[in-house]
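Each chain is listed here by its residues.
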Amino acid sequence: MCGIVGIVSKTPYPSRVLLDRLKRLEYRGYDSYGLYDGRTLLRRIGGIRVEGGGRTTAGIAHTRWATHGGVSERNAHPHLSCDGRVAVVHNGIIENYEELRRGLLRKGHRFTSETDSEVIAHHLEDGLRRRPVEAALPRLFRELKGTFAVLAMVRGRDEIFALKRDSPLVLGAAEGRTILASDIYAFSDWTDRAVFFENDEMAAVGPSGARFFDATGRPIRKPARTFRWEQDRGPRRTAGHYMLKEILEEPAAVGRLLFSLGGDQKPAFDRLVRLIRRTRKVIFASCGTSYHATLLGAYYLHRTGREVQTLIASEFRHFAKVDAETLVVAVSQSGETMDVIDALKYARANGGRIAAIVNVPHSTIQRMSELSLNILAGPEVCVASTKAFVNQAVLLLALARAFGFPVRLETIPDRLRALFRQRARLRAMAVRIARSRDVYIIGRGLTYPVARETALKIKETSYIHAEGMMGGELKHGTIALIEKGTPVLSLINAGDPDIISNTKEVEARGAEIFVLTNHPTLGGDRNAVHLKTANDGKFGILAAAAGQLIAYYAAAALGRPIDKPRNLAKSVTVK
Ligand code: G6P
């Protein structure tokens, strides 16, 4: 949530490069954006436009997902101190900003925004009145409460100062340039060398490189690491939308993951299997789409006789009992979701062990875990997660296979390609669903998580009210909402006769039924799409991909901003 970028170069670079890099982080928030290059302060509302003249050797930029203060130019970052000596960008939440603000107001500081972040600029300016920046920064560290990744520029210094506590911050070492950013995607096309900040660390980054310090200002050594971030050479942005491009990349992404699970990730995969086998209690912790993948994973593992639990990370500490015999497996695309990090901290404090399944390499969640696997979906730009979900589900199915779930994973890419050939039928369904304000998606067993995920995708991208639920639960309330013509999408796994009964129950009340099925005879209807697989493990994954396409085409029919839905962000780094 919120993306920050700072670039320091030996030779002057066009300031708009800051916006170009920032655009790569736009999925972290897109309410407003801004930059400061030592001379010019630019702040705008809305999506990032890479524009402007000017050159600089150091500049900072920010793309905002509003928390404190509405969406306005004055609440956009960077924030300047009163005398303009200090400029800051911030990702996170300063919990004691009101208290600090009151103290600074008493000292004569004047605030121009409603944000919590502005207090950082004033606090630093206040510190600089009496001490050099090297001493003012540890004071800032001591006095700020909350979460922050901060980049600060101080007039008269050709450096950027970077501070981190709980919000993500990484440094990319490129040829002749150093870039500070919220995640590696800001610079992954410039360099594969990065330094990952840990909590309560800071840096002074100048033209000749970076110096690192702990929160008290004591120098520390932080070596750069090489990272690998898969780029797909698949179709270019299809119809101008990353969402469709990323769905169509799924066969390649699954192929890459399966190859690596049998190759370079095999030792880690085998260790995870052993760890799960040895541990009395296994709990998945995740949010959003990743949570739905873990529900599917829990189902797969349950079918092998291995019982695991899954919890939404924001409620983890309220529902999970963790002890030394508990393994918590975090599943997260970004590897930065604050609620998941919080669940892991809770698990650690209670003596539990931690493993992770992430997409973004070297992310915080990966670094917190004693063992981690990468889903290798590659960069996912559309805020609504698609190929990452599929790869999470495939990895969890592979895990279940290690416990005895019968499935041939190797055919998944081809099955997905066959599904994509039915796009026209899915689009026709989507166009009809898009005419309604509400849609219900029902599943049972392994299609229940898929129903939830499909509903989430539809809500996120088309803004249609969608409920994904257990078919059996329908008659305990929701069926009251079914009227003549209400669309109900039923996910019918051939092996489950009960979901057919649930579908009949709503049909009898006038619902317009749409079906995704691998049932040999049910798929012929004009409102049905047949997914070719006799294996129900694979059916779950194919049905989810079909649901993604339905959501995409419904959003397209309604002309929604598909890749950047209102109010959402891809990486949720606040609680
Ligand atoms: C946000 C994103 C979702 C994602 C969820 C969890 O809500 O928009 O796409 O599923 O966060 O994120 P994670 O990175 O932990 O998977």
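Residues numbered from 1 in each chain as written. Predicted model: local features only at pLDDT ≥ 70, side-chain atom pairs only at ≥ 80, totals over all residues. Heavy atoms only, no water.

Some points on unusual backbone geometry
Here is the rule we go by: Numbering of helices and strands runs from the N terminus; a helix is a DSSP stretch of H or I covering at least four residues, while a strand is a stretch of E covering at least two. When a residue's accessible area, from a 1.4 Å probe over protein chains only, is under 20% of the maximum for its type it is buried; when over 50% it is exposed; and in between it is partly exposed.
Cis geometry marks the peptide bond from His77 to Pro78, where omega comes out at 0°. Residue position: Pro78 is located in the loop between β4 (55–64) and β5 (79–80). In the Ramachandran plot, Asn567 falls in the positive-phi region, its phi being about 70° despite a non-glycine side chain. With respect to the helices and strands, Asn567 occurs in the segment after α17 (536–557). Residue classification places Asn567 among the exposed positions, given a relative accessible area of 60%.

Digging into the layout of surface pockets
To keep it simple, the criterion reads: Grid points spaced at 1 Å over the protein atoms alone were grouped into cavities, where a 1.4 Å probe fits but cannot get out, and pockets, open sets with protein on both sides within 12 Å along at least five of seven lines, with lining residues defined by an atom within 4 Å of a point. Grid points are joined across faces, edges and corners, and a volume is the space filled by probe spheres set on the points. All amino acids are sorted into three groups, where Ala, Val, Leu, Ile, Met, Phe, Trp, Tyr, Cys and Pro are nonpolar, Asp, Glu, Lys and Arg are charged, and the leftover types, Gly among them, are polar.
What the largest pocket holds in volume is close to 720 Å³. What lines the largest pocket is a set of 33 residues, and nearest its centre among them are Cys287, Gly288, Thr289, Glu460 and Val572. Listed by contribution, the elements that provide at least two residues to the lining of the largest pocket are α8 (288–303), β18 (326–332), α10 (338–349) and α15 (447–462). Ranked by residue count, the leading element in the lining of the largest pocket is α8, at five residues. Class assignment for the residues of the lining of the largest pocket results in 15 nonpolar, eleven polar and seven charged.

Quick look at the site of the ligand
Convention followed: For this purpose, a residue is taken to be near a molecule or strand whenever a single non-hydrogen atom of the residue falls within 4 Å of it. As used in this structure description, the phrase polar contact means that two N or O atoms lie within 3.5 Å; if the pair is within protein, one of them must be able to donate a hydrogen and the other to accept it, and residues adjacent in sequence are counted only when both atoms belong to side chains. Using a 1.4 Å probe, the Shrake-Rupley method yields the accessible areas, and only the shown protein chains count as cover for residues. Throughout, a molecule is located in a cavity or pocket provided that more than half of its atoms lie within 2 Å of its grid points. What fixes the domain bounds is an automatic or database domain assignment.
Lining the immediate surroundings of the ligand are 13 residues, of which Ser290, Ser332, Gln333, Ser334 and Thr337 lie closest. One of the side-chain N or O atoms of Ser290 is found 2.5 Å from an oxygen atom in the ligand. Contact with the protein chains removes 90% of the 390 Å² of surface that the ligand exposes when unbound. Judged by the fraction of its atoms near the pocket grid, the ligand is located in the largest pocket. Here the shell around the ligand is built from residues that sort into four nonpolar, eight polar and one charged. Residue-level mapping places the shell around the ligand at the junction of two domains, with at least three residues from each of domain 2 (239–406) and domain 3 (411–575).

Digging into the domain arrangement of the protein
Worth spelling out the cut-off: Defined in terms of a 1.4 Å probe, buried area is the accessible area two parts forfeit on being brought together, summed over both. In what follows, salt bridge is the name for a side-chain nitrogen of Lys or Arg lying within 4 Å of a carboxyl oxygen of Asp or Glu.
We note that the domain assignment places domain 1 (3–226), domain 2 (239–406) and domain 3 (411–575) within the protein. Averaged C-alpha coordinates put domain 2 and domain 3 at centres separated by 23 Å. Among the residues domain 2 hides against domain 3, the three largest losses belong to Pro251, His292 and Val383. Together they make up 18% of the total. Residue Glu380 is joined to Lys570 by a salt bridge in which the shortest nitrogen-to-oxygen separation is 2.7 Å. Our count for the contact surface shared by domain 2 and domain 3 stands at 16 residue pairs in polar contact (both at pLDDT 80 or more). For the side of domain 2 that touches domain 3, the secondary-structure elements that each account for two or more residues are α5 (242–248), α6 (250–261), α8, α10 and α12 (387–402).

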